[in-house]
Amino acid sequence: MPPLLGFTVGVTAARRRDELANLLERRGARVVHAPALRIVPLADDSLLLAATRECLTRPLDAVIATTAIGFRGWVEAAEGWGLGERLRDRLDGARLFTRGPKVTGAVRAAGLTECWSPRSESGAELVAHLLTENLAGLRIAVQLHGEPLPDMVEGLRAAGAEVVEIPVYRWEPPDDLRPVRRMVELIVTGGVSAVTFTSAPAVVSLLRIAREMGQFDELLTALRGEVLPACVGPVCAAPLERQGVATVTPDRFRLGALVRTLSDELPRRRVRTVEAAGHVLRVQGGAVIVNGEPVMLAPRTAAVLDALTERPGRVLSRAELLRRTGTAGLTDEHAVEMTVARLRTALGPAGCAVETVIKRGYRLAVV
């Protein structure tokens, strides 16, 4: 059975969002897209052009390349501006430090050679390695990728280095805010089981938009409770962790590893298995596995089953079920009766497990 069957997962990534969505869907998830950022096109980025020209004014002593796509994009953009050959000469004359194997491959593909790379793929380890040297007066270029690297940059400057920041792939708020506002509402109301983040700026953007909507506290409450936040790495997770939100992150900072981690953690935390009236029900998101057979449920129907299986045998009133299905504003409890009837039909022979308790409500029959 696909591990994410029945779960709805929010994707906030702009770059590689289709790849991430495909990985999630292969594991059974329903995906909701809401890019929290947009990428400024490299060819139009005046800040990157200015930083590139700054690198060409005088020799560089060292260059720190942090991401493969960022390094490639920088070199390709320089080519488009007619500065490619001059930039390569500058890079070739400097010591090149790479953060991990992917960016090392990009550096070598450009005809250049790295001098050192940390096995941990950690920027902190890379800086610590550099700080063992006397950096006073050295000119160091740091390739950024969508966000500032204050710890790295300020650490080098504090050691006396002159740092040129290369802002590759700057991120700005999306042109259309409606999808990300909808994502905030889905998180607050439990319309998603998990939400994925692949960059710290995307986290910051979502938090800022939630604050503008007046739903900041409600968003944090949901992320601390029923909605599982999954981040590609600790840097990405840091803005949430500072707000007291516990996240899950993979050991390797890759999309595939992120999806595998979510596929392990979400069922472990959000799947409930009960035996009722001789039937085994495994409830996971909007699906229920009935005696080994998957059944997809409508959102309100799934909410009723989730409530009943939370404490099997306990009677829930119609008013309580109205609240749990998001229709608390209705006074006509006939809506609950219809939802329970649809649930019994969907469960087939196991529908007998949903019992009516006269004048009190409903419960799940357990021995």
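Refer to the structure above for everything that follows.
As the structure is a prediction and not an experimental result, all values here were calculated from the model.

(A) Here's a closer look at the environment of Thr 12. One can find Thr 12 in the loop between β1 (8-11) and α1 (17-26). Taking the C-alpha atoms as reference points, Thr 12 and Val 203, 191 residues apart in sequence, are found 8.3 Å from one another. Once residues within four sequence positions are removed from consideration, Thr 12 is found in contact with Ala 34, Pro 35, Ala 36, Val 195, Thr 196, Phe 197 and Ala 202. At a separation of 2.8 Å, a polar atom in the side chain of Thr 12 contacts the main-chain carbonyl oxygen of Thr 196.

(B) Quick peek at the nonpolar core. Ranked by size, the top nonpolar core spans 52 residues in total, and within it Leu 24 and Ile 187 carry the most contacts. Looking at which element gives the most residues to this core, the answer is helix α9 (residues 200-212), with six residues. If you look at the next biggest cluster of nonpolar residues, it comprises 30 residues, including Ala 94, Val 107, Ala 141 and Val 168.

(C) Quick look at empty space enclosed by the protein. Enumeration over the complete set of coordinates arrives at one cavity of 30 Å³ or more. Together, Ala 307, Leu 308, Glu 310, Arg 311, Arg 314 and Leu 316 line the largest cavity. Per-class residue counts for the lining of the largest cavity are three nonpolar, no polar and three charged.

(D) Fine view of the packing of helix α8 (residues 178-189) against helix α10 (residues 216-224). At a minimum axis separation of 8 Å, α8 and α10 run at an interaxial angle of 55 degrees. By the angle class used here, α8 and α10 are oblique. Relative to α10, α8 is oriented so that their crossing is left-handed. Packed against α8, whose contacting residues are Val 184, Ile 187 and Val 188, the element α10 presents Glu 218, Leu 219, Ala 222 and Leu 223 at the interface. For the contact of α8 with α10, the class distribution of residues is six nonpolar, no polar and one charged.

(E) Structural view of the sheet that holds strand β12 (residues 279-284). Pairing is antiparallel across the open sheet formed by four strands, whose spatial order is β11-β12-β13-β14. Two strands close off the open sheet at either side, each with one partner strand: β11 (271-276) and β14 (293-296). Neighbour-to-neighbour, the strand axes of the sheet open up by a mean angle of 25 degrees, direction not taken into account. Looking at chain direction, β12 and strand β13 (residues 287-290) are connected through four bridges and run antiparallel. Note that in β13 the partner of Val 283 across the bridge is Val 288. Sitting on the sheet, helix α13 (residues 299-310) is in contact with β11, β12 and β13, with an inclination near 70 degrees to β11.

(F) Molecular detail of the side chain of Thr 67. With respect to the helices and strands, Thr 67 occurs in the loop between β4 (62-65) and α3 (68-80). We classify Thr 67 as buried; its relative accessible area is 14%. There is a polar contact of 3.2 Å between the side chain of Thr 67 and the backbone nitrogen of Gly 70. A distance of 3.0 Å separates polar atoms of two side chains, one belonging to Thr 67 and the other to Gln 143. Discounting chain neighbours no more than four positions away, the residues touching Thr 67 are Arg 99, Val 103, Gln 143 and His 145.

(G) Main features of the packing of α13 against helix α15 (residues 334-347). One way to put it is that α13 packs onto α15 with a least axis distance of 9 Å and a crossing angle of 85 degrees. Comparing the axis directions of α13 and α15 gives the class roughly perpendicular. Residues Arg 300, Thr 301, Val 304, Leu 305 and Leu 308 of α13 form the contact with α15, whose participating residues are Thr 339, Val 340, Arg 342 and Leu 343. Tallied by class, residues from the contact of α13 with α15 come to five nonpolar, two polar and two charged.

The rules behind these values
- Residues numbered from 1 in each chain as written.
- Predicted model: local features only at pLDDT ≥ 70, side-chain atom pairs only at ≥ 80, totals over all residues.
- Heavy atoms only, no water.
- Helix = DSSP H or I, 4+ residues; strand = E, 2+ residues; numbered from the N terminus.
- Contact = heavy atoms within 4.5 Å.
- Polar contact = N/O pair within 3.5 Å; in protein donor to acceptor, adjacent residues only side chain to side chain.
- Core = buried A, V, L, I, M, F, W, Y, C linked by side-chain atoms within 4.5 Å.
- Buried < 20%, exposed > 50% of the residue type's maximum accessible area, 1.4 Å probe, protein only.
- 1 Å grid on protein atoms, 1.4 Å probe; cavity = no way out; pocket = protein on both sides within 12 Å on 5 of 7 lines; lining within 4 Å.
- Points joined across faces, edges and corners; volume = space filled by probe spheres on them.
- Nonpolar A, V, L, I, M, F, W, Y, C, P; charged D, E, K, R; others polar.
- Axes fitted to C-alpha atoms, helices over the stretch in contact; angles between N-to-C directions.
- Parallel < 35°, antiparallel > 145°, perpendicular 65-115°, else oblique.
- Left-handed = near helix turned anticlockwise from the far one by under 90°.
- Pairing = 2+ DSSP bridges.

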